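An overview of the molecular structure
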Amino acid sequence: MHSRFGRTARGRGRGGPPWAGGGRRSEPPTAADATAWFTGRLPEGWFVGGPAVTVDREEILVVGELPPVDGEFADDAERAAAESGRISRFREETREERIEIARQAEHRYGRKVAWGASLGGTEELFTTLSVPVMTRLHQPERMVLDTLVDAGVARSRSEALAWAVRLVGRHTEDWLGELREALSKVDELRNRGPEGG
């Protein structure tokens, strides 16, 4: 006897990254070697030195410094325009190759890849993810967000929360750096596991 509801292949590796499974949130593969991998994989001459590679659970951001722009400029505004133009040219000329490198990295690390470039005082990020984050706030915290919206600092509670997170990140950068360093040591110890005796 056949069921009128056919079997599907859901949950068997189709329609999502290979590390995601069965409706439960699981961690993506480790990306501890991502900086080294991108440094080795990127074509010679793209960047001055190695790229800055930032990794979180959903995304890898690769930002490299472009070679300086030659020429004389009347003022800082002209120099900034030249830098922005060079970044734009880099983005267009490397698009196909960046897509291929991103495809390989996404398969390896189970995360999306975003790109950016810096030159002098100018930095531009290309396509980066905007990931929704669910949170529950009590009335005093909601009132902070609503004040930011009412004052025109943000257009919505979501934008106000993002603004607040950026502000905290800017003012606690050293502490957050120390915290991330400590967490990376915990990850190293966890991956090494107990020594057999």
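Residues numbered from 1 in each chain as written. Predicted model: local features only at pLDDT ≥ 70, side-chain atom pairs only at ≥ 80, totals over all residues. Heavy atoms only, no water.

Some remarks on the packing of helix α1 (residues 34-41) against helix α2 (residues 76-109)
Just so we agree on the cut-off: What counts as an axis is a line fitted to C-alpha atoms, over the stretch in contact for a helix, and the angles between N-to-C directions run from 0 to 180 degrees. The way it works is that DSSP assigns letters per residue, a run of H or I at least four long becomes a helix, a run of E at least two long becomes a strand, and they are numbered from the N terminus. Oblique is the label for any angle not under 35 degrees, not over 145, and not in the 65 to 115 range, which are roughly parallel, roughly antiparallel and roughly perpendicular in turn. Note: crossing handedness is left-handed where the near helix turns anticlockwise from the far helix by less than a right angle, and right-handed where it turns clockwise. By the convention used here, residues are in contact when the closest approach between their heavy atoms is within 4.5 Å.
It is the contact of α1 with α2, at a shortest axis distance of 12 Å, that shows an interaxial angle of 150°. Judged by the angle between their axes, α1 and α2 are roughly antiparallel. Between α1 and α2 lies a crossing whose hand is right-handed. The segment α1 lies against α2, with Ala 34, Trp 37, Phe 38 and Arg 41 engaging Glu 100, Ile 101, Gln 104, Ala 105, Arg 108 and Tyr 109.

As for the pairing of strand β1 (residues 52-55)
Which entries qualify depends on this criterion: Here, a strand pair is defined by DSSP locating no fewer than two bridges between the strands.
Of the pairings in the sheet, the one linking β1 to strand β2 (residues 59-65) comprises four bridges and is antiparallel in character. Its bridge partner lying in β2, Thr 54 is registered against Leu 61. Taking the residues between adjacent antiparallel strands as the criterion, β1 and β2 are bridged by three residues.

Comments concerning the pattern of salt bridges
Note the following rule: For this document, the term salt bridge refers to a Lys or Arg side-chain nitrogen within 4 Å of an Asp or Glu carboxyl oxygen. Buried means the residue's accessible area, taken with a 1.4 Å probe over protein chains only, is under 20% of the maximum for its type, while exposed means over 50%, and partly exposed covers the values in between.
Scanning the entire structure with this criterion turns up seven salt bridges. Where Glu 181 meets Lys 185, a salt bridge forms, and the shortest distance between an N and an O atom there is 3.7 Å. With a gap of four residues between them, Glu 181 and Lys 185 both fall in helix α5 (residues 173-192), about one helical turn apart. Among the residues examined, Glu 181 registers a relative accessible area of 47% and is labelled partly exposed. Judged by relative accessible area, Lys 185 falls into the partly exposed class, the value being 46%.

Quick notes on the packing of aromatic side chains
Rules: Here a pair means two rings of Phe, Tyr or Trp (six-membered ring of Trp) with centres within 6.5 Å. Their orientation is stacked below 30 degrees between planes, edge-to-face above 60, and tilted elsewhere.
Enumeration according to the criterion identifies seven aromatic pairs in this entry. A centroid spacing of 5.0 Å and a plane angle of 90° characterise the contact between Trp 37 and Phe 38, whose relative ring orientation is edge-to-face. For the residue pair Trp 37 and Phe 38, the accessibility class agrees, reading buried in each case. With a centroid separation of 6.1 Å and an interplanar angle of 85°, the aromatic rings of Phe 38 and Trp 115 are classed as edge-to-face. Note that Phe 38 is positioned in helix α1 and Trp 115 in strand β3 (residues 112-119), a separation of 77 residues in sequence. We classify Trp 115 as buried; its relative accessible area is 4%. Taken together, the ring pairs in this structure connect Trp 37, Phe 38, Trp 46, Phe 47, Phe 90, Tyr 109 and Trp 115 into an aromatic cluster.

Comments concerning the pairing of β3
Where we set the bar: When the strands point away from the viewer and the path from the first strand over the helix to the second turns clockwise, the crossover is right-handed.
For β3, the tally of buried residues reaches seven of eight residues, placing the bulk of the element in the interior. Examined bridge by bridge, β2 and β3 share seven bridges and lie parallel to one another. Residue pairing in the sheet places Val 62 in a bridge with Trp 115 of β3. Assessed by its sense of winding, the connection that carries the chain from β2 through α2 to β3 is right-handed. With four bridges joining them, β3 and strand β4 (residues 122-125) adopt antiparallel strand pairing. Within the sheet, the bridge partner assigned to Gly 116 lies in β4 and is Leu 125. Between the antiparallel neighbours β3 and β4 lie two residues, among them Gly 120 with a positive phi of about 60°.

A word on the nonpolar core
Stated precisely, the cut-off is as follows: Take the buried residues of types Ala, Val, Leu, Ile, Met, Phe, Trp, Tyr and Cys, join any two whose side-chain atoms come within 4.5 Å, and each joined set is a nonpolar core.
With 24 residues, the main nonpolar core has Phe 38, Leu 42, Val 62, Val 113 and Trp 115 as its most contacted residues. Elements supplying a minimum of two residues to this core: α1, β2, α2 and β3. The element contributing the most residues to this core is α2, with seven residues.

Keep in mind these values describe shape, not function.
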